[in-house]
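Overview (structure and organization)
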Amino acid sequence: MCEGRGLPCSLGRRMSSQHTPPDGTDDYTVQQENELEALASIFGDDFQDLRNKDPWKKTEVITPTIEPPEVHLCLRPKGLNNGQGCYVTVDLQVKCPPTYPDAPPELELKNAKGLSNESLHNLQSELTKLAVARCGEVRTPTLCYPCCENASN
C-alpha cells in the first residue's frame, strides 16, 4: 500500500501516469523538479544536484530533456549546519528513476563519520524499507530525517 493514499502502488502508478498537466509537461518531471527546489531550500549548501556535475548528462538547448533527480545531501545531527562542532555526518546520494515518485530511488550512504559499520548498515536498511513504503509519495526529505535522528543519538 502507498502510505498516505490508501492505494496499492500499482494503482498509484496508473493514476500518476494518466495525469498530464495542461501545459504538456510530464507530471513526474514537475513533481521531481518541485522536490529538488524544496531540497535546495531545506539543505542549502549541503545540497548538490549531481546532474549539473556530469558533463555527459548535459543536454543540448535544441532538444532539452530533463534527467530524473540525482542528488547528494550532507546530513548532520539536527540543529548543526556546516560542520559546527559536528562529530557525526553521513552523505546520502539519491538517484531517482524516471518514474519517481511512483518507483523508489536508489539510496547510498557515503563518507560516514562517527557511525559504526553496524549503525551504517542498519540505517541503510531502514532507508531502503522507508523508500519502498512511501511508494507514490515525493519522499526524499522524509528519508533524511532518520539519518539526522540517528546521528543525533
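Up top is the structure.
Residues numbered from 1 in each chain as written. Predicted model: local features only at pLDDT ≥ 70, side-chain atom pairs only at ≥ 80, totals over all residues. Heavy atoms only, no water.

A short note on the sheet that holds strand β1 (residues 47–49)
- Spatial ordering of the open sheet is given by β1-β2-β3-β4, a layout of 4 strands whose pairing is antiparallel. Edge positions in the sheet fall to β1 and β4 (106–113), since each has one partner strand and no second. Geometrically, the sheet is characterised by an average inter-axis angle of 15° between neighbouring strands, direction not taken into account.
- Packed onto the sheet, helix α2 (residues 27–43) meets β1 and β2 (70–75) and runs at close to 20° relative to β2.
- Strands in contact with helix α3 (residues 117–133) are β3 (89–95) and β4; relative to β4, the strand with the most contacts, it is inclined by about 155°. (Pairing = 2+ DSSP bridges. Helix = DSSP H or I, 4+ residues; strand = E, 2+ residues; numbered from the N terminus. Axes fitted to C-alpha atoms, helices over the stretch in contact; angles between N-to-C directions. Contact = heavy atoms within 4.5 Å.)

What about the nonpolar core?
- The biggest cluster of nonpolar side chains holds 22 residues, and the ones touching the most others in it are Leu-73 and Leu-92.
- Counting residues per element, the ones that place at least two in this core are α2, β2, β3, β4, α3 and α4 (140–152). (Core = buried A, V, L, I, M, F, W, Y, C linked by side-chain atoms within 4.5 Å. Buried < 20%, exposed > 50% of the residue type's maximum accessible area, 1.4 Å probe, protein only.)

Considerations on the pattern of salt bridges
- Within this structure, the stated rule accounts for 4 salt bridges.
- Linking Glu-33 and Arg-51 is a salt bridge whose minimum nitrogen-to-oxygen distance equals 3.0 Å. Within this pair, whereas Glu-33 is found in helix α2, its partner Arg-51 is found in the loop between β1 and β2, the two being separated by 18 residues in sequence.
- Judged by relative accessible area, Arg-51 falls into the buried class, the value being 12%.
- In this structure, Glu-137 and Arg-134 form a salt bridge, with 3.5 Å as the shortest nitrogen-oxygen distance.
- The exposure class assigned to Arg-134 is partly exposed, which follows from its relative accessible area of 21%.
- A cluster of three or more residues bridged by salt bridges with shared partners is formed by Glu-33, Asp-49 and Arg-51. (Salt bridge = Lys/Arg side-chain N within 4 Å of Asp/Glu carboxyl O.)

What about the pairing of β3?
- With 6 of 7 residues buried, β3 is to be regarded as a mostly interior element.
- Bridge analysis of β2 against β3 gives 6 bridges, and the strand direction is antiparallel. Note that in β3 the partner of Cys-74 across the bridge is Asp-91.
- Bridge count for β3 against β4 is 6 bridges, and the pairing is antiparallel. Across the sheet, residue Val-94 finds its bridge partner in β4, namely Leu-107.

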